[in-house]
Amino acid sequence: MIVKTGRFGQLTVGDDEIIRIPQGILGFPEYTKFCLVDPGDDTLILWLQSIENSEIAFPLLEPKVFRPNYAARLSAAELRELRLDNVNQSAVFSILTITNDITQMTANLKAPLVINLKEQIAKQVVLQENEYSVKHLMFKELKAHLITIQAQNRLPKRETEGVVSAVSVKTIPPSLTVKSLTA
Amino acid sequence: MLVLTRKLGESIAIDDHIKIVVVQIKGKQVRLGIQAPKETKIHREEVYAAIQDQNKEAVKSPVAMAQVSKVLKG
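Please read all numbers here as calculations on a predicted model, not as lab measurements.

## A look at the overall build of chain A
Moving on, step 1. Counting secondary structure elements, chain A contains two helices and 13 strands.
Moving on, step 2. In terms of overall dimensions, chain A has C-alpha extents of about 45 × 40 × 30 Å along its principal axes.
Moving on, step 3. Taken over 183 residues, chain A has a buried fraction of 38%.
Moving on, step 4. For chain A, the proportion of contacts with a sequence separation of at least 24, taken over those separated by at least 6, is 65%.

## Considerations on the environment of H145 of chain A
Residue and element names in this part refer to chain A.
Moving on, step 1. Inspection of the secondary structure puts H145 in helix α2 (residues 139–151).
Moving on, step 2. H145 gets classed as partly exposed once you count the C-beta atoms within 10 Å, which come to 18.
Moving on, step 3. Between the C-alpha atoms of H145 and T43, which are 102 residues apart in sequence, the distance is 9.8 Å.
Moving on, step 4. Excluding anything up to four places from it in sequence, H145 contacts V65 and F66.

## Digging into the confidence of the model for chain B
Moving on, step 1. Averaged over all residues, the pLDDT of chain B equals 92, while 100% of them reach at least 70.
Moving on, step 2. The complex model carries a pTM of 0.90, and its ipTM stands at 0.91.

## Examining the interface of chain B and chain A
Moving on, step 1. Between chain B and chain A, the contact holds 24 residues from the first and 33 residues from the second.
Moving on, step 2. Those elements that place two or more of their residues in the side of chain B that touches chain A are α1 (45–59) and α2 (65–73) of chain B.
Moving on, step 3. Residues that form the side of chain B that touches chain A fall into these classes: 12 nonpolar, six polar and six charged.

## Points about α2 of chain A
Moving on, step 1. With 13 residues, α2 of chain A should cover 18 Å at 1.5 Å per step; its first-to-last C-alpha distance of 18 Å lies within 8% of that length.
Moving on, step 2. Note on α2 of chain A: the residue one or two positions beyond its end, N153 of chain A, has a positive phi of about 60 degrees.

## Observations concerning the nonpolar core
Most often, soluble globular proteins keep nonpolar side chains buried together rather than apart.
Moving on, step 1. Ranked by size, the top nonpolar core spans 51 residues in total, and within it I19, C35, L60 and V114 of chain A carry the most contacts.
Moving on, step 2. Mapped by element, the contributors of at least two residues to this core are β4 (33–38), β5 (46–50), β6 (57–61), β7 (72–74), β8 (90–97), β9 (106–116) and β10 (121–124) of chain A together with α1 of chain B.
Moving on, step 3. Broken down by element, the residue count for this core peaks at six residues, all from β9 of chain A.
Moving on, step 4. Those residues in contact with V114 of chain A that sit more than four places away from it in its chain are A72, L74, L82, S90, V92, A122, K123, V125 and V178 of chain A.

## A closer look at the pairing of strand β1 (residues 11–14) of chain B
Residues and elements named next belong to chain B.
Moving on, step 1. Pairing between β1 and strand β2 (residues 18–26): four bridges, direction antiparallel. Each residue of the ladder has a partner; that of I12, found in β2, is I20.
Moving on, step 2. Between β1 and β2, which follow one another and run antiparallel, lie three residues, and D15 among them has a positive phi close to 55 degrees.

## Digging into the sheet that holds β1 of chain B
Residues and elements named next belong to chain B.
Moving on, step 1. Overall, antiparallel pairing links the three strands, which are arranged β1-β2-β3 in an open sheet. Pairing within the sheet leaves two strands with one partner each, and these edge strands are β1 and β3 (29–35). For this sheet, the mean angle separating the axes of adjacent strands, direction not counted, is 25 degrees.
Moving on, step 2. Pairing between β2 and β3: seven bridges, direction antiparallel. Bridging from a neighbouring strand, K26 pairs with Q29 of β3.

## Regarding the environment of K140 of chain A
Moving on, step 1. Within the secondary structure, K140 of chain A is located in helix α2.
Moving on, step 2. C-alpha of K140 of chain A to C-alpha of M105 of chain A: the two residues are 35 residues apart in sequence and 9.6 Å apart in space.

## Observations concerning the pairing of strand β1 (residues 2–5) of chain A
Moving on, step 1. With burial as the criterion, only one face of β1 of chain A is covered, namely that bearing V3 and T5 of chain A; the residues I2 and K4 of chain A on the opposite face remain uncovered.
Moving on, step 2. Between β1 of chain A and strand β2 (residues 9–12) of chain A, which follow one another and run antiparallel, lie three residues.

## Description of α1 of chain B
Moving on, step 1. The end-to-end C-alpha separation of α1 of chain B is 22 Å, in line with the 21 Å expected for 15 residues at 1.5 Å each.
Moving on, step 2. Along α1 of chain B, the residues that are buried comprise I51, Q54, N55 and A58 of chain B. Within α1 of chain B, the buried residues cover an arc of 105 degrees as seen down the axis, which keeps them to one side. Exposed residues lying more than 90 degrees from the buried face of α1 of chain B are E45, E46 and A49 of chain B.
Moving on, step 3. Along its buried surface, α1 of chain B packs onto β6, β8 and β9 of chain A.

Thresholds applied
Residues numbered from 1 in each chain as written. Chains lettered and ligands numbered in written order. Predicted model: local features only at pLDDT ≥ 70, side-chain atom pairs only at ≥ 80, totals over all residues. Helix = DSSP H or I, 4+ residues; strand = E, 2+ residues; numbered from the N terminus. Buried ≥ 20, exposed ≤ 12 C-beta atoms within 10 Å, placed from the backbone. Contact = placed C-beta atoms within 7 Å. pLDDT = per-residue confidence, 0-100. Nonpolar A, V, L, I, M, F, W, Y, C, P; charged D, E, K, R; others polar. Expected span 1.5 Å × (residues − 1). Core = buried A, V, L, I, M, F, W, Y, C linked by C-beta atoms within 7 Å. Pairing = 2+ DSSP bridges. Axes fitted to C-alpha atoms, helices over the stretch in contact; angles between N-to-C directions. Arc of directions from axis to C-beta.

If you want it as structure tokens, here you go:
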């Protein structure tokens, strides 16, 4: 299908690129169908784009990039809701707030987006840990990480830089950071 | 909503495994103790409001991402 977006123009989105979020993102319960967009800018930042409202898109980044020991502990009810019988088939992303002063960008560690990669469903989960902030400064760590992978030439090779594309959910590598609270 | 009156030290039970005790009453503040299985998630309601506000800020991220990308990779 063709999806109109405010940031990326028109995108072609296949069935394997759709993510359903039955309860929506907190504060936006009316939107339940999304796709992940890779803007092709090699910043590791992806976008969770609403299919139902072109103006709604959230920047996402895997928290392990700036917080290597991050873990998302989910309750049995949350795992059921996500239909996750194997926690290793999931990916975890923090929602970013990119400020006009880019160095002040923050990540929400308290309420990550957990995606079931097999079922293509996701949920914004609220974690119990008090040390996880909704506004975690992480510009320095992300920049250092990008410089390191640039130096090691580890960025995935692209045929053409700057090409915007929807991401096939099944090709996202599992984050291995979801844990069960009961375990 | 079910409304119950409790005195200091009294408690309510929810299902078989959750117990909420009134630990202290001081002026307009009530301290509650909560006993629940470790997989029960318990949050102050303000946490949800803070997350909703943050999500609304996240949507406002600048459209000109080329500059963001330049600063990050430079």
